[in-house]
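Survey of secondary and tertiary structure
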Amino acid sequence: MENVQTLEFDITGQICPSTLLITLREINNNIAALKSGAVRLLVKTDNRDCTNTIPEAASNMGLTAAVQKIDAVYTILISKE
Amino acid sequence: MDTIPDTSMTGNNAETDEITALRQELTRLRSANEQLTNTLQLRTGYIRTKVNQLLNVMGTKPLRDEELDGNSIVEFDPLGIIFESFRHILASLKEKNSQLQLLHDEMVAIFSAVQVGIMVVDRDFRVISFNPTMKNIFFTGLEDGAIFGELCSRIACNGQIPDEFCAVRKILEGAEFASFKSWEVRGRIFDVEAAPIHDSAGLVTRIVLVYNEITGLKKAQNELQQMNTELELRVAERTAQYQEINQELESFCYSVSHDLRAPLRHVSSFTTILAEEYSNKLDVTGRDMLVRICRGSEKMGRMIDDLLRISRVSLTEVNFVAVNLTSLAESTAAMLRDSDPERRVTFNIAKGLSARGDAALLGIVMQNLIGNAWKYSAGISAAVIEVGMKKIAGKEVFFVSDNGVGFDMTYRDKLFRVFERLHGEEFEGSGIGLATVQRIISRHRGEVWAESEVGTGATFYFTLPENKLK
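Each chain carries its own residue numbering, running from 1 in the written order of its sequence. Just so you know, chain letters begin at A and ligand numbers begin at 1, following the order they were written in. With the structure being a predicted model, the display of local features is reserved for residues of pLDDT at least 70 and the display and counting of side-chain atom pairs for 80 or more, all residues being used for whole-chain, interface and lining totals. As a convention, hydrogens and water are excluded, and side-chain values are obtained from all of the structure's heavy atoms.

Examining the nonpolar core
Residue and element names in this part refer to chain B. Formally: The definition of a nonpolar core used throughout is a set of buried Ala, Val, Leu, Ile, Met, Phe, Trp, Tyr and Cys residues joined through side-chain atoms within 4.5 Å. Accessibility here uses a 1.4 Å probe with only protein chains present; expressed as a share of the type maximum, an area under 20% marks a residue as buried, one over 50% as exposed, and anything in between as partly exposed. Strands are runs of DSSP state E lasting at least two residues, helices are runs of H or I lasting at least four, and both sets are numbered from the N terminus onward. By definition, residues are in contact when any of their heavy atoms lie within 4.5 Å.
The biggest cluster of nonpolar side chains holds 39 residues, and the ones touching the most others in it are Leu325, Phe347, Ile370 and Phe460. Broken down by secondary-structure element, the contributors of at least two residues to this core are helix H10 (325-339), strand E7 (345-349), helix H11 (359-376), strand E9 (383-392), strand E10 (395-402), helix H12 (433-443), strand E11 (448-453) and strand E12 (457-462). Residue contacts for Phe347: discarding those within four places in its chain leaves Ala333, Leu336, Arg337, Ile370, Trp374 and Ile385.

A look at the interface of chain A and chain B
Heads up, the rule is: Computed with a 1.4 Å rolling probe, the buried area is the accessible surface lost when two parts are put together, summed over both parts. Here a salt bridge means any side-chain nitrogen of Lys or Arg lying within 4 Å of a carboxyl oxygen belonging to Asp or Glu. Two N or O atoms form a polar contact when they lie within 3.5 Å of each other; inside protein one atom must be a possible hydrogen donor and the other a possible acceptor, and for residues adjacent in sequence the pair counts only when both atoms belong to side chains. Any residue that is not Ala, Val, Leu, Ile, Met, Phe, Trp, Tyr, Cys, Pro, Asp, Glu, Lys or Arg is counted as polar, Gly included; the first ten are nonpolar and the last four charged.
Listed by partner, the interface residues are 20 residues for chain A and 20 residues for chain B. Across the chain A to chain B interface the summed buried area is about 1,600 Å²; carbon plus sulfur atoms make up 64%. Considering only the side of chain A, the residues that lose the most area to chain B are Pro17, Leu21 and Asn28 of chain A, jointly responsible for 32% of the buried surface there. Of the charged contacts in the structure, one is a salt bridge between Asp49 of chain A and Lys61 of chain B, with a shortest N-O distance of 3.1 Å. At the surface where chain A touches chain B, the tally comes to seven residue pairs in polar contact (both at pLDDT 80 or more). Broken down by secondary-structure element, the contributors of at least two residues to the side of chain A that touches chain B are helix H1 (18-29), helix H2 (31-36) and helix H3 (50-60) of chain A. Counting residues per element, the side of chain A that touches chain B draws most heavily on H1 of chain A, which supplies seven residues. Each residue belonging to the side of chain A that touches chain B can be placed in one class, and the counts come to ten nonpolar, six polar and four charged.

Digging into the side chain of Thr326 of chain B
Mapping Thr326 of chain B onto the fold places it in helix H10. For Thr326 of chain B, the contacting residues outside a window of four places in its chain are Ile349, Ala350, Lys351, Gly352 and Leu353 of chain B.

Let's talk about the sheet that holds strand E2 (residues 127-130) of chain B
Residues and elements named next belong to chain B. We count it as follows: Two strands qualify as a pair provided DSSP detects at least 2 bridges between them. To define axes, lines are fitted to C-alpha atoms, for helices over the stretch in contact only, and angles between the resulting N-to-C directions are given on a 0 to 180 degree scale.
Taking strand neighbours across the sheet as the criterion, the five strands line up as E2-E1-E5-E4-E3 in an open arrangement whose pairing is antiparallel. Both outer strands of the open sheet, E2 and strand E3 (178-185), are each paired with one neighbouring strand and no more. For this sheet, the mean angle separating the axes of adjacent strands, direction not counted, is 25°. Taken together, the nine bridges between strand E4 (residues 188-198) and strand E5 (residues 204-213) define a ladder with antiparallel strand orientation. Along E5, the bridge assignment pairs Pro196 with Ile207.

What to know about the sheet that holds strand E1 (residues 5-10) of chain A
Residues and elements named next belong to chain A. A sheet is described by the order of its strands in space; here four strands give the open sequence E1-E2-E4-E3, paired in mixed fashion. The two strands at the open ends of the sheet, each matched to only one other strand, are E1 and strand E3 (63-70). Ignoring which end each strand starts from, the neighbouring axes of this sheet average 20° apart. Inspection of the sheet shows E3 paired to strand E4 (residues 73-80) by eight bridges, in the antiparallel sense. Residue Ala65 lies in a different strand from E4, and its bridge partner there is Ile78. Across the sheet, H1 lies against E1, strand E2 (39-45), E3 and E4, angled at about 165° from E2, the strand it touches most.

This is the structure:
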């Protein structure tokens, strides 16, 4: 999709529950754009625990989250379902 | 820290009073501050507790004291973040509920409209739900209340299906799909199929049973089968009649041919006597006529012999044995060479050619095919006759080929007809050889065909039952 804006935010160094809370805050701030598909969020984290909690919370909000691991960093791409 | 100076020693009463008042005010303010601090701590403690409870619901760890102090927790507002997230979660759940409701409505509509009986039972074989078709098939006259909770074995199967065929039992034993084909009950026939519904832990909680009535289909199949049987019987009867008629015709042909020989012998012998003893009394024209009569009767004699031979082929019983076709071909080649030692013909006969068939009849096939190859390559200075086998579509196909005059493929249909000839008087023959070959191959349940091009030769192919023992 060419017109989708990707908002990246780096929370490496943060651990639970801050990682989840910060991500939830960003989702809340962009919920309408996320739901419409205009925006997607790319979260960078090195906290393994949040690779479960963030996708689950995103899924409960009707969004989808794809997790990838690149070296020691996880990327979680949150977008429209 | 107390910053009000002690003026009690100065003797100034007014100042002393003011200082005392200030001290009292300070004490009050300190007390109030302490109370407010306690209250704030209680409030932030409450917020922290509630945030931690909500974080626990979301499956993550509680806040750490050093991470967010009393002021930061208010400023960062985790409670607000979680509240907002829950609002979105609720909105999403509401949307999903609407979709689920739509799916449910669709399923109910299909469940009601479908023309197969559907019933859902629990692990205890008790009816949980059923569709109108199911009710029409099995539960006519019963109130819905009397059906729910009943044992399916009693209310549907009527106890007529043994345990080993019970589809529900098969599903409970671990099958992902079970069926019972052509189940007959109360004069009707059904194909029954069952599939499990699992809970989130993977356990079978319900079993869906589908009853597809095939009574009409089975009836039609039975009628069709009966018609087929009758048709086969009629075909067999008709075939037997044709075989009988054919046999009679063959016998008739044999008798006629045989009976024609006697009068022909008379014609032939009296013509010979006439030629030997009375030719001097005939003029040139008369003697020429006599010669023509002799030739005609000889030709007729050969034709009668050929007819008798082909009749014998049809009447003789085929005795299937392993036949060495290479040996039959080599014998024929030797016989032809002996008949005309002057001719230079190269025979390429493959080794190990064998099939199952009647040795005598297959000998006639080889004599005719190789004889034809010999005959129609007579004018070729370097005649080559090849006998071999090739696999076509996995089947053994034997062939006899030559590089002789060949024939026009336009007339290939005439090749195997009795007395039909594609060449004139330059090649002798009665036109019965290939008809005999076809009859023999046909009696071996084989096929024979030919390919050719005028001037380049001809190839005759034939198939026979394979010799499995070779």
